[in-house]
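Report on the structure
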Amino acid sequence: MLKDQLILRIPGPTPIPPSVNRALLQPMVGHRDRQVSERIKKLIPRLRPLFGTEKNDVLIVAGSGTSGLEAAAVNLTQEGEEVLVLVTGAFGDRFRKILEAYRLTVHAVETEWGEPVDPEQVKKALNSHPGVKVVFATHSETSTGVLNPIDQIAHVVHEHSDALIAVDGVSSIGGAEMRMDEWKIDLVVTGSQKALMLPPGLAFLAVSEKAWTKISNNPRPRFYLDLLKYKKSLGEDTVPFTPAVSHLFALDQSLSLIEEEGLQETLKRHLLMMKMTRAGIRAMGVPLLVAEERYSSPTVTAVIPDDFTPGAFRTVMSKEFNIVFASGQGHLKDRIFRIGHMGYCSPTDVLQYLGAMELALQKVGHEVTLGAGVAAAQEVYKR
Ligand SMILES: *Cc1c(COP(=O)(O)O)cnc(C)c1O
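Everything numeric in this text was worked out from a predicted model, so none of it was measured. (Residues numbered from 1 in each chain as written. Predicted model: local features only at pLDDT ≥ 70, side-chain atom pairs only at ≥ 80, totals over all residues. Heavy atoms only, no water.)

Here we come to the domain arrangement of the protein chain. Examined at the domain level, the protein chain breaks down into domain 1 (7-14 + 263-382) and domain 2 (18-259). When each unit is reduced to the centre of its C-alpha atoms, the spacing between domain 1 and domain 2 is 27 Å. Overall, the association of domain 1 and domain 2 removes approximately 2200 Å² of surface from exposure, summing both partners, and the carbon and sulfur fraction of that is 64%. Of all residues in domain 1, Leu263, Tyr295 and Gln329 bury the most surface against domain 2, accounting for 26% of the area lost on that side. Between the two partners, domain 1 and domain 2, sit zero salt bridges. If you tally residues by element for the side of domain 1 that touches domain 2, the top one is helix H11 (residues 263-283), at five residues. (Domains from an automatic or database assignment. Buried area = accessible area lost by both parts, 1.4 Å probe. Salt bridge = Lys/Arg side-chain N within 4 Å of Asp/Glu carboxyl O. Helix = DSSP H or I, 4+ residues; strand = E, 2+ residues; numbered from the N terminus.)

Along the chain, Ser161 turns up in the loop between helix H6 (150-160) and strand S8 (164-168). Accessibility expressed as a relative area gives 17% for Ser161, which makes it buried. In this structure the side chain of Ser161 is engaged in a polar contact, spanning 2.7 Å, whose partner is the backbone oxygen of Val157. At 3.1 Å, the side chain of Ser161 forms a polar contact with the backbone nitrogen of Ala163. (Buried < 20%, exposed > 50% of the residue type's maximum accessible area, 1.4 Å probe, protein only. Polar contact = N/O pair within 3.5 Å; in protein donor to acceptor, adjacent residues only side chain to side chain.)

The pairing of strands in a sheet happens through backbone hydrogen bonds and is either parallel or antiparallel. An order of S11-S14-S13 is seen for the three strands of this open sheet, with the pairing classed as antiparallel. The open sheet terminates on both sides in strands that have one partner only, identified here as strand S11 (300-303) and strand S13 (326-327). Two strands pair when backbone bridges link them, and S11 and strand S14 (residues 337-340) are joined in this way by four bridges, in the antiparallel orientation. Of the residues in S14, the one forming a bridge with Val300 is Gly340. (Pairing = 2+ DSSP bridges.)

Around the ligand, the surrounding shell consists of Ser64, Gly65, Thr66, Phe91, Arg94, Ser140, Thr142, Asp168, Val170, Ser171, Gln193 and Lys194. Gly65 is positioned with one of its backbone polar atoms (N or O) 2.8 Å from an oxygen atom of the ligand. With the chains in place, 89% of the 390 Å² that the ligand exposes on its own is no longer accessible. At a threshold of 2 Å from the grid points, most atoms of the ligand map onto the second largest pocket. Residue assignment for the shell around the ligand shows that the elements contributing at least two residues are helix H3 (65-76) and helix H4 (90-101). Taken together, the residues of the shell around the ligand sort by class into two nonpolar, seven polar and three charged. (Near = heavy atom within 4 Å. Areas by Shrake-Rupley, 256 points an atom, 1.4 Å probe, with all protein chains shown as cover. 1 Å grid on protein atoms, 1.4 Å probe; cavity = no way out; pocket = protein on both sides within 12 Å on 5 of 7 lines; lining within 4 Å. Sits in = over half its atoms within 2 Å of the grid points. Nonpolar A, V, L, I, M, F, W, Y, C, P; charged D, E, K, R; others polar.)

Tallied over the full model, the rule gives 22 salt bridges. The closest approach of N and O atoms between Asp57 and Lys231, which form a salt bridge, is 2.7 Å. One end of the pair, Asp57, is in strand S2 (residues 57-62); the other, Lys231, is in helix H9 (residues 227-235), and 174 residues separate them in sequence. Since its relative accessible area comes to 31%, Lys231 is described here as partly exposed.

Take a look at the structure:
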């Protein structure tokens, strides 16, 4: 078997394009250097389209995606406030744990894992808890491959409350459509290692005017994740603490790749990869966790086999083909496997893993006609 080959098809971290890797290797510069300020100044307006915002601030924090979630929780809520969290899987659950850690009064709308949030349930929860000040939601729930209908959820939140809405877009930004301005989302968090084709290490927060009003008047103690510090620095084209300088070089390049392809084309490519993946796996006779395509994440697909163990299958995929899929999380850990198709991933890669999957399925005793999955995906591509 070929050594030093790793075909990473997990939902983050994701593979890094060669040009982004080269950007990471640029010699270090002082972080207060004019070069870095100029870079930051140019990066912010280029980040905005990914979030679907014309004017909102986009803050860059050195930290993993979770630091962005914690920043959202800490800055948007006051001591003891009532909040609503929408839990559709492990990442919604993480948001809930963060909110509980800050001793907020946490109400939750929970769905079965694999199901999206029903906006009607959000409406009910807001009517039963009129004191809710902020709603926390997940866009693409990476643990199940669900894409929650954030537009409809935001609509219900604004119709039935004055609450702010904050969204975890860690596995959606850059891979799924986000229209922050149009949908009136107050804060969107993302991370570097998912659809943005960067190494782990950066969190991004897009913040609305309405959110700033609350954040500016929020007496809650905070320091590293105090978003006001980042806003003030942004006005001076810098960041409050030493930034991950190399990651900024890389971000410049990954944004160039998205701009060269065209953001709309990038988003279409993700939808196409999702559709090809789903059609291919269906044709192999293996059940998908998310039943409906309209609630399927364009960046990650979860598969729930009924006649073989996901662990054994993943082992064949990695040992024989150097293709790495992810296990499930939480109670679905050993029941599902997940395929990441985001960022530096193309329809060609989809055909590659589907072809290898057919062989691996035969090894774990699942009957499949060779070529059936690939052919189904090819048909989707042709349409
Ligand atoms: C990956 C991910 C996170 C966590 O990001 P870390 O960088 O691991 O902290 C949060 N939310 C979602 C939806 C994710 O996919």
